[in-house]
Amino acid sequence: MSAAGTNTKKTHSFQLLAPGVVWMILFLVAPIMMIVYVSFWTQTTFAINSTLTLDSWRNFFASEAYVGALWTTIRLWLIVLTLTFIVGYPAALYVGLLVKSKTVSTVLLVLCVIPFWTSFLIRVLAWRPMLGKEGAINIILQKIGLIDTPIEVLLFSELSVIIGMTQIYVVFMVGPIAFMLGRIDRNIIEAARDLGAGFGRIFWKIIFPLSLPGVVVGAIFVSVMVLGEFATSGALSGRKVNLLGNIIVTQVGSLKWAMASVVGVILTILLGIVVAGFLRIVDLKREI
Amino acid sequence: MESKVLKPVLAVYAGLFILFLYGPFIVLGILSFQQGPEGGPQFPIIEWSTYWYKHLFGLTPPSRIAPLPVGEALVRSLTLAFMTMVTSTVLGVMAAQAFRKRFRGAGLVFYLIVLGMMVPGVLTGLGTSLLANNVVGIERHWWSTAFVAHVVYTFPFAFLVMLAILNRFDGSVEEASWSLGVSPITTFRKVTFPLIFPGVLSAMLFAFTLSFDEFPRTLFASGRDQTLPLAIYGTFSVEIHPNIFAFGVMTTLFSFALLSVYGILMALSVRRAKKIAMQEDIS
Amino acid sequence: MKQSDPIFRLDGVTRRYGNLTALDSIDFTAEDNSYISLLGPSGSGKTSLLRVIAGFEAPDSGRIWFQGRDITDLPAHERGIGFVFQNFALFPHLTIFENVAFGLRNGAINPPEAEIIQRVKETIEMVGLTGLEDRNPDQISGGQKQRVALARSLVMQPKLVLLDEPLGALDANLRERMQTELRTIRERLDVTFLHVTGSETEALAMGDKVAVLDSGRIVQFGTPEEIYDAPIISDVALFLNRFNLFDGTLKDGVFHGAFGSVPVSGARANETDVYAIRYDRTQIFDTGSTDLPGPALPARYLASEYLGSSIVFLFETEDNKTVEVDHHLSLGEPRDLEVGRDYVLSWSPEQAIVFGKELAR
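Everything numeric here is computed off the predicted structure, so don't read it as measured data.

Cut-offs used in this document
Residues numbered from 1 in each chain as written. Chains lettered and ligands numbered in written order. Predicted model: local features only at pLDDT ≥ 70, side-chain atom pairs only at ≥ 80, totals over all residues. Helix = DSSP H or I, 4+ residues; strand = E, 2+ residues; numbered from the N terminus. Rg over C-alpha atoms; globule rule 2.2 N^0.38 Å. Buried ≥ 20, exposed ≤ 12 C-beta atoms within 10 Å, placed from the backbone. Contact = placed C-beta atoms within 7 Å. Axes fitted to C-alpha atoms, helices over the stretch in contact; angles between N-to-C directions. Parallel < 35°, antiparallel > 145°, perpendicular 65-115°, else oblique. Left-handed = near helix turned anticlockwise from the far one by under 90°. Nonpolar A, V, L, I, M, F, W, Y, C, P; charged D, E, K, R; others polar. UniProt positions renumbered as here; feature names shortened; annotations may be inferred. pLDDT = per-residue confidence, 0-100. Domains from an automatic or database assignment. Pairing = 2+ DSSP bridges.

What follows is about the overall build of chain A. Counting its secondary structure elements, chain A contains 14 helices and two strands. Taken against the 2.2 N^0.38 rule, which gives 19 Å for 288 residues, the C-alpha radius of gyration of chain A at 24 Å runs more than 25% over that of a compact globule. The C-alpha extent of chain A, read off along each of the three principal axes, is 85 × 70 × 30 Å. Of all 288 residues assigned to chain A, the portion counted as buried reaches 45%. Nonlocal contacts in chain A, meaning residues at least 24 apart in sequence, comprise 71% of its contacts between residues at least 6 apart.

Residues and elements named next belong to chain A. The geometry of helix α8 (residues 158–182) relative to helix α10 (residues 199–227) is characterised by a closest axis approach of 7 Å and an angle of 155° between their N-to-C directions. Viewed along their axes, α8 and α10 adopt a mutual orientation that is roughly antiparallel. Regarding α8 and α10, the two cross each other, and that crossing is right-handed. Packed against α8, whose contacting residues are Met165, Tyr169, Phe172, Met173, Gly175, Pro176, Ile177, Phe179, Met180 and Leu181, the element α10 presents Leu210, Ser211, Pro213, Gly214, Val215, Val217, Gly218, Phe221, Val222, Met225 and Val226 at the interface. Each residue belonging to the contact of α8 with α10 can be placed in one class, and the counts come to 17 nonpolar, four polar and no charged.

Further remarks concern the UniProt feature "domain: ABC transmembrane type-1" (unreviewed entry) in chain A. Here, UniProt's "domain: ABC transmembrane type-1" (unreviewed entry) annotation points to residues 70–275 of chain A. In this annotation, residues 70–275 of chain A is assigned 77% helix and 0% strand; the end-to-end C-alpha distance for the span is 17 Å.

Moving on to the interface of chain B and chain A. In this complex, chain B contributes 72 residues to the contact, which on the side of chain A involves 68 residues. Of all the elements in the fold, those that place two or more residues in the side of chain B that touches chain A are α1 (2–31), α3 (71–98), α4 (106–118), α5 (121–136), α6 (145–167), α9 (216–221), α10 (228–237) and α11 (242–282) of chain B. Among the elements that line the side of chain B that touches chain A, the one with the most residues is α1(B), at 19 residues. In terms of residue class, the side of chain B that touches chain A is built from 53 nonpolar, 15 polar and four charged.

Here the focus is the UniProt feature "domain: ABC transporter" (unreviewed entry) in chain C. Per the UniProt record, "domain: ABC transporter" (unreviewed entry) is annotated on residues 8–240 of chain C. What you have in residues 8–240 of chain C is 36% helix and 27% strand, and the ends, taken at the C-alpha atoms, are 26 Å apart.

Chain-level pLDDT for chain C is 87 on average; 98% of the residues reach the 70-or-more range. Scored by ipTM, the complex comes to 0.85, with pTM at 0.80.

Residue and element names in this part refer to chain C. The domain architecture assigned to chain C consists of domain 1 (6–233) and domain 2 (235–356). Using C-alpha coordinates to define each centre, domain 1 is positioned 37 Å away from domain 2. Residue-level contacts link 11 residues of domain 1 with 11 residues of domain 2. For the side of domain 1 that touches domain 2, the elements supplying multiple residues, two or more each, are β9 (209–214) and β10 (217–222). Along the lines of polarity and charge, the residues of the side of domain 1 that touches domain 2 split into eight nonpolar, one polar and two charged.

With that out of the way, let us pick up the sheet that holds strand β22 (residues 353–356) of chain C. Residue and element names in this part refer to chain C. If you trace the four strands from one edge of the open sheet to the other, you get β11-β16-β22-β15, paired in mixed fashion. This sheet does not close on itself; its edge strands, each paired only once, are β11 (243–247) and β15 (268–269). Across two bridges, the pairing between β15 and β22 is parallel. Counterpart to Ala269 in the pairing with β22 is Gly356.

Counting residues at the interface gives 21 residues for chain B and 23 residues for chain C. Broken down by secondary-structure element, the contributors of at least two residues to the side of chain B that touches chain C are α7 (172–179), α8 (184–212) and α11 of chain B. Looking at the side of chain B that touches chain C element by element, the count peaks at seven residues for α7(B). By residue class, the composition of the side of chain B that touches chain C is 12 nonpolar, six polar and three charged.

Looking along a regular strand, one sees side chains alternate from face to face of the sheet. Residues and elements named next belong to chain C. Strand direction decides the pairing type here: strand β13 (residues 254–257) and strand β14 (residues 260–263), joined by four bridges, are antiparallel. Each bridged residue has a counterpart across the sheet, and for His256 the counterpart in β14 is Ser261. The loop that links β13 with its antiparallel partner β14 comprises two residues.

All names here are of chain C. Spatially, β6-β7-β8-β3-β9-β10 is the arrangement adopted by the six strands of the open sheet, whose pairing is mixed. Lying at the two open borders of the sheet, with one neighbouring strand each, are β6 (81–84) and β10. Each adjacent strand pair in this sheet contributes to an overall mean axis angle of 20°, direction not counted. Both strand β3 (residues 35–39) and β9 contribute to a ladder of four bridges, which runs parallel.

Right, let's talk about the UniProt feature "transmembrane region" (unreviewed entry) in chain A for a bit. Residues and elements named next belong to chain A. Here, the residues flagged by UniProt with the feature "transmembrane region" (unreviewed entry) are residues 21–40, 76–99, 106–126, 159–181, 202–227 and 257–282. Annotated as residues 106–126, this span is 67% helix and 0% strand, and its ends, taken at the C-alpha atoms, are 26 Å apart. In residues 159–181, helix accounts for 100% and strand for 0%; the two terminal C-alpha atoms are 31 Å from one another.

Residue and element names in this part refer to chain A. When the pLDDT values of chain A are averaged, the result is 86; 94% of them are 70 or greater. Summarising per-element confidence for chain A, the mean pLDDT is lowest in helix α14 (residues 284–287) (59) and highest in helix α3 (residues 64–98) (94). The low-confidence segment residues 1–8 (pLDDT under 50) makes nine contacts with residues lying over four places distant or belonging to another chain.

Pasting the structure below:
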């Protein structure tokens, strides 16, 4: 401690860290604090002033539409989270564990990532000609003869939002799971097989527990993105599905900063609970 | 036994999964060749044509469908992505470098940085614009407020990439350099940086693409002038035409070009080393 | 600077890692222009000592002097002390030539290009790497890497080079050749080598002086002969791997052990009572011999091992202790021994070294 050498090294780390830390405090922590603060400001029709009040909070909980948006957000989040897991896990199992060749596994993973090189908004938009009344799915189903009249509920409904979000976010579930599965020592599985364990038993006793950190990391990614969503619901629901994010956008659009902030705070709390809950299961820093 | 059944079943499933990921693109690609200007953004294809691609570049006679306002937006997006890339990579390399030594509060700083990628864009965007609008009292611009919000988002990615690279970096070459009388700063420039360059390249790529495509933060924080994602978002509310599909195909191709440049840069250094090694073997 | 001036001096240097004390108040003075071996078992703190001298780590207390200057607070790159790593730590992105030229090009001195080329060429020639200048570090062998690492340090003309187990990563043949070369190269230049090793053979063969490090303390410092002939405590004797050590009790000038009771003329202070006799001073006699030079230790012959210039015979005593007898071939043909037969081992008592809790005079 007393030696100068140690001290210079300390200032050295400090100098390296300071710009990044200051940046995050000024442009991340301060803005979030700001949201909390402004949620207690007084909103008039055209302006906002810093007289503290609980009006906006009262308005939020008094409005069926706003509280409804909270429940819609939670419902959609749970559905999409479950779907990304159900749809993604088998794919991850194949890519991460069952494919023997490293090259094939890498190629498959790259194939999963390539769509991300197209603009997010265009990826969302691409579902419209897919799901629409005259969309690809309806055309195919009619050609096969499964249906006579096109299914209209496919587009501009909650279903289309769920399908869209699942497709866009499932890769964030597949990636971490495949990564964890790839790290499993194949000898353990071979040993278990030699001892006469069937695949089901091996899966539940060895494979699944070892992939669990991947599931949790994937779930954190998906949750964070779905809870903050507004573009997919805006583009694919025809304004029928309103999430907390959509409310923030409309409120800011009409300069209702206080209400937007109230929704922002609620979203922050919701996220905090979800992420903290997941982090209790797995230590993110150790997994990276 | 079960695995023998399971593997092909899962292989088929993985195929379907890839199809699920690509389906909308295929449809989008097909519809971008819809006849114009009467053909709409849906099936059936009236007649195959490249009308909408020409429309995109302003090569078609004027019609009731306005061309996409992408020209200036594209330039802005590229500039913004470049600024963000440089800033977040520099911050990321510096922070990751500091994390090579143990220090008190490392856990806290780690989570503070990672928070930037965890907080949804709506919140960062809202908070940044509140701060700019109601406290500092400045106008929002893509190059100021949106820029700082972008870096908040991309810096953590650059940081994590560099952390992974530096974790595997053997520090004895740096010590060797110091013992030869070379200062730590020159050592970083001449030894550390060249050796971690592939990682830096990945961090830059990450930051660039994330920023180029960033939408929610930009929506709140960029003010009057639109970036590319905002321009696309603008077409959502109005009627959509196949020109947006053609544009989607174009941006995808652009992304691939960028990815190829990255791939070539990465492969070049590796191949050069191998080539020399082979010549040595022959001689 | 005169030949006998100290090149560097450690003054109560202490280094701790948490609760572990790696260096425990080390005082040490090294003469200029010499080859010093620093011998110690793993975990004795020898690498920490080198890193503290090099300036990669700061001591928790104590001062370090180099060429008459206090360098404790000087960063590594301003010390002018060379360092050769066990894993060589060559710059993988530079050719051999550029590896060697690195310090000249990027350091504070920055000589003209012609001089750089001249000095690099000379150094590369000295370590015998001429012709390999344009190769990359991954295209040369371990021994060649070692020479590059050495050349890279020497081209800076340091007064002190620290070598951290420099031969540890090489195979046995190469290690012997490099031992000779390191000595020759050092003698040609006016430079001090501080060579850290865990091998007693290497330390004794190479050093003009040997420092023995144990648990963060330098327990003995002297010429190889001094260390070999007179280990200061039984731990050093044990570590040198040249002594048969017997436990027993020392009382009133008499050592009581497995070989009976022997009067001793003097003993060195030690934590336990130990009787030590060198392998090559132990002699073999038939059971019942009457002309023994000293104490009689009955032992069964197990096996022999041929080591080139000598043969080692292994015996087992009645209390299952292995005893070694080293017969140097220059002393004549060894006698034939029958495996499994009992013999008697003996030695001249004045050649034994006795360590005792009480100092018998």
